[in-house]
Amino acid sequence: MTLSVAQIDRETDQLVDEWLTLPEVAQRLGLPLGRAKQLLKDHKLLGVRRGSGGPQVPAVFLEGKDVMKGLPGTLTVLQDAGYDDVEALRWLFTPDDSLPGSPVQAIQAGRHTEVKRRAQALGF
């Protein structure tokens, strides 16, 4: 299965504290590598290329053996609003004083409905 993954820019790369390779994602989720790739393809997870390696995923997107609750729906809304993967990643990790914190921090705190509502507003 060929997976098309965007190359990330340095500024966006620096917004994320910890990255996981796709094999690390598969291991943490207890899934075969092919299923982890499918999560990227289905936009349940977001991965980008950093340098010359394969796709990498922000570690914060995983909670235990699951994808962070609220993340897949938020990624769908951002995609529907016309955001590409790098733009979505940048939006998720850029601090927003009105939340407070970044959208990904708000999702972590259980406020994914508010984040999705804001993401929907981006499409209008």
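Thresholds, definitions, all that
- Residue numbers here run from 1 along each chain, matching the order of that chain's written sequence.
- Two thresholds apply to this predicted model, a pLDDT of at least 70 for residue-level local features and 80 or more for giving and counting side-chain atom pairs, whereas whole-chain, interface and lining totals are computed over all residues.
- The basis for every side-chain value is the complete set of non-hydrogen atoms in the structure, without hydrogens or water.
- UniProt positions are given in the numbering used here, feature names are shortened, and annotations may be inferred rather than shown by experiment.
- Numbering goes from the N terminus for both helices and strands, where a helix is a DSSP run of H or I of at least four residues and a strand is a run of E of at least two.
- Pairing of aromatic rings covers Phe, Tyr and Trp, the last through its six-membered ring, and needs centres within 6.5 Å; plane angles under 30 degrees mean stacked, over 60 mean edge-to-face, and all others mean tilted.
- Relative accessibility thresholds used throughout: buried, under 20% of the residue-type maximum; exposed, over 50%; partly exposed, between the two (1.4 Å probe, protein chains only).
- Put simply, a nonpolar core is a bunch of buried Ala, Val, Leu, Ile, Met, Phe, Trp, Tyr and Cys residues held in one set by side-chain atoms that sit within 4.5 Å of each other.
- Contacts: residue pairs with any heavy atoms within 4.5 Å of one another.
- The axes used here are C-alpha line fits, helices contributing only the stretch in contact, and every angle between their N-to-C directions lies in the interval 0 to 180 degrees.
- Here the word oblique covers every angle except those under 35 degrees (roughly parallel), over 145 (roughly antiparallel) and from 65 to 115 (roughly perpendicular).
- By definition, any crossing whose near helix is turned counterclockwise from its far helix by less than a right angle is left-handed, and any crossing with a clockwise turn is right-handed.
- Residue classes follow a fixed rule: Ala, Val, Leu, Ile, Met, Phe, Trp, Tyr, Cys and Pro count as nonpolar, while Asp, Glu, Lys and Arg count as charged, and any other residue, Gly among them, counts as polar.
- Each salt bridge in this description consists of a side-chain nitrogen of Lys or Arg and a carboxyl oxygen of Asp or Glu lying within 4 Å of one another.

## Here we look at the UniProt feature "domain: DNA-binding protein Rv2175c wHTH" (unreviewed entry) in the protein chain
Logical step 1: Under the UniProt annotation, the feature "domain: DNA-binding protein Rv2175c wHTH" (unreviewed entry) is placed at residues 12–62.
Logical step 2: Counted over residues 12–62, helix gives 37% and strand 20%. Its end C-alpha atoms are 19 Å apart.

## Structural notes on the packing of aromatic side chains
Logical step 1: Under the counting rule described, the total for this entry stands at one aromatic pair.
Logical step 2: Relative to phenylalanine 93, the ring of phenylalanine 61 has its centre 5.8 Å away and its plane inclined at 35 degrees; by these criteria the two rings are tilted. Taken together, the positions of phenylalanine 61 in the loop between β3 (55–58) and β4 (62–63) and phenylalanine 93 in helix α5 (residues 85–93) put the pair 32 residues apart, joining distant regions of the chain.
Logical step 3: Classification of phenylalanine 93 as buried rests on a relative accessible area of 10%.

## Quick notes on the nonpolar core
Logical step 1: Counting 35 residues, the largest nonpolar core has Val25, Leu45, Phe61, Leu89 and Leu92 as its most contacted members.
Logical step 2: The set of elements that each furnish at least two residues to this core consists of β1 (19–21), α2 (22–29), α3 (33–41), α4 (71–80), α5, α6 (103–108) and α7 (112–122).
Logical step 3: It is α5 that provides the largest number of residues to this core, a total of six residues.
Logical step 4: Leave out the neighbours within four places in its chain, and leucine 92 touches Leu46, Phe61, Leu71, Thr74, Leu75, Leu78, Ser102, Pro103, Val104 and Ile107.

## Points about the packing of α4 against α5
To describe two helices that pack against each other, one gives the angle between their axes and the distance between the axes.
Logical step 1: Contact geometry for α4 and α5: axes closest at 10 Å, N-to-C directions at 125 degrees. On the basis of their axis angle, the class for α4 and α5 is oblique. For the crossing formed where α4 meets α5, the hand is right-handed. Facing α4, whose interface residues are Leu71, Thr74, Leu75 and Leu78, α5 presents Ala88, Trp91 and Leu92.
Logical step 2: Here the contact of α4 with α5 is composed, by residue class, of six nonpolar, one polar and no charged.

## Description of the pattern of salt bridges
Logical step 1: Evaluation of the coordinates by the stated rule reveals six salt bridges.
Logical step 2: Note that arginine 50 is salt-bridged to aspartate 13, the shortest N-O span being 2.4 Å. With arginine 50 in the loop between β2 (48–49) and β3 and aspartate 13 in helix α1 (residues 10–13), this pair connects stretches of sequence that are 37 residues apart.
Logical step 3: A relative accessible area of 18% places aspartate 13 in the buried class.
Logical step 4: With a closest N to O distance of 3.6 Å, arginine 28 and glutamate 18 form a salt bridge. Of the two residues, arginine 28 sits in helix α2 while glutamate 18 sits in the loop between α1 and β1, which places them ten residues apart along the sequence.
Logical step 5: Among the ionic contacts, a cluster of salt bridges with common partners joins Asp96, Glu114, Arg117 and Arg118.

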